[in-house]
Amino acid sequence: MLKTLDIENIAVIEKTTVDFSSGLNVLTGETGAGKSIVVDSINAILGERTSKELVRHGAENACVSAYFEDVCENVCKKLNELGFECEEDNSLLISRKISSQGKSSCKINGKSATVSMLKEVGNVLVNIHGQHDSQQLLNPDFQYRYIDMLLGERSVLDEYKKSFKELISVRRRLKALTADETDKERKLELLDYQINELEKAGIKAGEKERLSKRRALINKSEALSSALNNSLFAVNGDDEINGIQSQISDCVNSLLHFEEASDICGLFTDINDKLEDIKDKINLLFSLIDFNQNELEEIEDRLDLLYKFSNKYGETEEEMLAFLENAKAQRNSIIYSDEELEKLNVRYDELFEKTVDLAQRLSDKRKETALKFEEAVKSELEFLDMPKLRFVVNFEKGNLSSTGFDKIEFFISTNPGEPPKPLSKIASGGELSRIMLAIKNILSYNDTIGTLIFDEIDTGVSGRASRKIGLKLKSVSKNTQVICVTHSAQIASNADEHFLIQKEFIGDRTYTKVTALDYESRKKELARIMGGLEITDALLKSAEEMLSLQEDIQNGNL
């Protein structure tokens, strides 16, 4: 569950800490006080998209951190998948910093993370119901998901998805192979030309580098030859001038008879040996720079060819050779396509039959689940003061898709004798809120999500229906932590923890603060919600009666 939420420099909230309880947490306040900012802050640490506009005016950064206690096994498993460790006490700390330039940095248990990682963890931590969920509930394209969440044994669904994915893959391959014959011939002609050109060139890995070095050596051979000749003359000399080697020999002969100069003679001998090595290397280098004009022209032509090929087949020789192998594979694929086509047709028929069978099994499973779902929704709605509303999961058969062939849509009938019609056509705001709450409550018993957040679930609802929604939220909170933003006194009176969100104006700045209310403060806030700005004794008495009634219900006195 979400234990502590720290908010700093988010919109008009400069700094606040909210300590939630494990039961039903309610947030109330006047319109525009900043209740949505708290939900936006929670969304931020759950990896939802944020904007630099969220950063408080004048601040460089906005920060949100959330501390969770007793996270479930699914959360620990997800953390491990993403490379994070779960704390020994199953606690979790998520933080996110948003700069005024719009950049974002995230951490999970003190370790850097990406926004997408936050979103993956957030999906198994918190479920937020807001306007977006209501729109999804109205959209038939999403309604099958609620049934699939309740399937229990999901092996048929998983097996179907795997079979359908393979079917699509085979169908795409068939489509490629059955392309126009003229196009096939054109491709084959192009591949033959490319293969012949590359094979004729006889490209070898590393030859471009080797030829470039050889060309560079030839281009400087004249200057190098002159330098080598000068070096060789210095070592050997000629008939008129003694070279270094001859002079050293003279020195050795003059010192040879002196025992004291034996070390010097040895050093001179070593020098002579090294001079012999120098002459060998000079002669070797002379042989390397020996060339004719034809060789240079051949090198230039070859490098020019390799340059042209690099623009067509790949920058390096390795890439050119890889292109050649790929072209051969494509040619073989076209040549033997008829044989492969026959095999693929057989495979496609097998997969299609299997996928249709799995789709039927999945449909049967969904219909079985839908009947139980209808009964559960009916029971929930009876409690929520909608006993005459009839809820039906309508099935129609459509084309095979990634979700099966079922076209699922929720129908309702709000009046006895009237046939059920699509939920999106006739549900009012109040009815939609209660249906959504009923579904969320049903799903909560089949889900491991530790925190449910309802953002203004009371939209379009008042009076007795609001009271029933409050009781239902209270019931849900016994199994799952619930955080609810509401304008309803009936709902707020059920809270285990009640927070007031209010604005303050200090100087020319606006500040929003979040305060945990005690009993007397709760009475005043409930009276304000019921009566507006003027809080009368009658309203305070009604608020007190409302709180006492909830206390009696909680203690089992009613």
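Structure first, text after, so check above.
None of the values given here were measured: they were computed from a predicted structure. (Residues numbered from 1 in each chain as written. Predicted model: local features only at pLDDT ≥ 70, side-chain atom pairs only at ≥ 80, totals over all residues. Heavy atoms only, no water.)

## Observations concerning the overall build of the protein
Let me state the cut-off plainly: Numbering of helices and strands runs from the N terminus; a helix is a DSSP stretch of H or I covering at least four residues, while a strand is a stretch of E covering at least two. Both definitions apply: the radius of gyration is a C-alpha atom measure, and the globule rule equals 2.2 Å times residues to the power 0.38. Burial here depends on accessible area, computed with a 1.4 Å probe over protein chains only, as a share of the maximum for the residue type. Under 20% is buried, over 50% is exposed, and the range in between is partly exposed. Contact between two residues is taken to exist if any of their heavy atoms lie within 4.5 Å; hydrogens are not considered. As used throughout, the charge tally considers Lys and Arg to be positive and Asp and Glu to be negative, leaving His and the chain termini uncounted. To locate a charge, take NZ of a lysine, CZ of an arginine, CG of an aspartate or CD of a glutamate.
Across its full length, the protein holds 20 helices and 15 strands. For the protein, the C-alpha radius of gyration of 41 Å lies well beyond 24 Å, the compact-globule estimate for 558 residues. Overall, the protein is about 135 × 75 × 45 Å in size when its C-alpha atoms are taken along their principal axes. Counting over 558 residues, the protein shows a buried share of 42%. The long-range share in the protein, meaning contacts at least 24 apart out of those at least 6 apart in sequence, stands at 70%. Averaged over its 73 positive side-chain charges, the protein has a centre that lies 9 Å from the centre of its 97 negative ones.

## Digging into the environment of Ala327
Its place among the elements puts Ala327 in helix α13 (residues 317-335). In this structure, the C-alpha to C-alpha distance between Ala327 and Glu48, residues 279 residues apart in sequence, is 45 Å.

## As for the sheet that holds strand β11 (residues 421-422)
The test is simple: Pairing between strands requires that DSSP locate at least two bridges from one strand to the other.
Strand order across the open sheet formed by three strands is β9-β10-β11, with antiparallel pairing between neighbours. Each edge of the sheet is formed by a strand with only one pairing partner; in this case those strands are β9 (390-401) and β11. Pairing geometry for strand β10 (residues 404-413) and β11, over two bridges, is antiparallel. Within the sheet, the bridge partner assigned to Ile412 lies in β11 and is Lys421.

## What to know about the environment of Glu209
Among the structural elements, Glu209 can be located in helix α8 (residues 207-219). A relative accessible area of 52% means that Glu209 is categorised as exposed. For the pair Glu209 and Phe286, spaced 77 residues apart in sequence, the C-alpha separation works out to 22 Å.

## Remarks on the sheet that holds strand β2 (residues 13-19)
Strands belonging to one sheet form pairs held by backbone hydrogen bonds; the direction of such a pair is parallel or antiparallel. Put simply, the test is: For every element, the axis is a line fit to its C-alpha atoms; helices are fit only across the contacting stretch, and the angle between N-to-C directions ranges from 0 to 180 degrees.
Strands sit in the order β2-β1-β4-β5-β6-β7 across an open sheet of six strands; the sheet is antiparallel. Bordering the open sheet on either side are β2 and β7 (111-113), each of which pairs with just one other strand. If you compare each strand with its neighbour and ignore which way they point, the axes differ by 15° on average. Against the sheet, helix α1 (residues 35-45) makes contact with β1 (2-10), β2, β4 (61-68) and β5 (92-99), and its axis sits at roughly 105° relative to β1, the strand it touches most.

## Section: helix α3 (residues 115-123)
Let me state the cut-off plainly: By construction, the arc corresponds to the directions joining the helix axis to the C-beta atoms.
For α3, the full list of buried residues reads Leu118, Val121 and Gly122. The arc that holds the buried residues of α3, viewed along the axis, is 100°, so those residues lie on one side. Against the buried residues of α3 lie α1, α2 (73-81), β5, β6 (104-108), β7 and β8 (126-129).

## Digging into the side chain of Asn25
Note the cut-off: Two N or O atoms count as a polar contact when they lie within 3.5 Å, although within protein this holds only if one can serve as hydrogen donor and the other as acceptor, and sequence-adjacent residues are included solely when both atoms are side-chain atoms.
On the secondary structure map, Asn25 appears in strand β3 (residues 24-28). Judged by relative accessible area, which is 0%, Asn25 ranks as buried. A polar side-chain atom of Asn25 sits 2.8 Å from the main-chain amide nitrogen of Ser21. Leave out the neighbours within four places in its chain, and Asn25 touches Phe20, Gln481, Val482, Ile483, Cys484, Glu497 and Phe499.

## Here's the deal with the packing of helix α5 (residues 140-149) against helix α14 (residues 337-383)
Here is the rule: In this scheme, roughly parallel covers angles under 35 degrees and roughly antiparallel covers those over 145, while 65 to 115 is roughly perpendicular and the rest are oblique.
For the pair α5 and α14, the least separation of the axes is 9 Å and the interaxial angle reads 85°. Of the possible angle classes, the one that applies to α5 and α14 is roughly perpendicular. Counting all contacts with α5, which are made through Tyr144, Ile147 and Asp148, the residues of α14 involved are Arg366, Thr369, Ala370 and Phe373.

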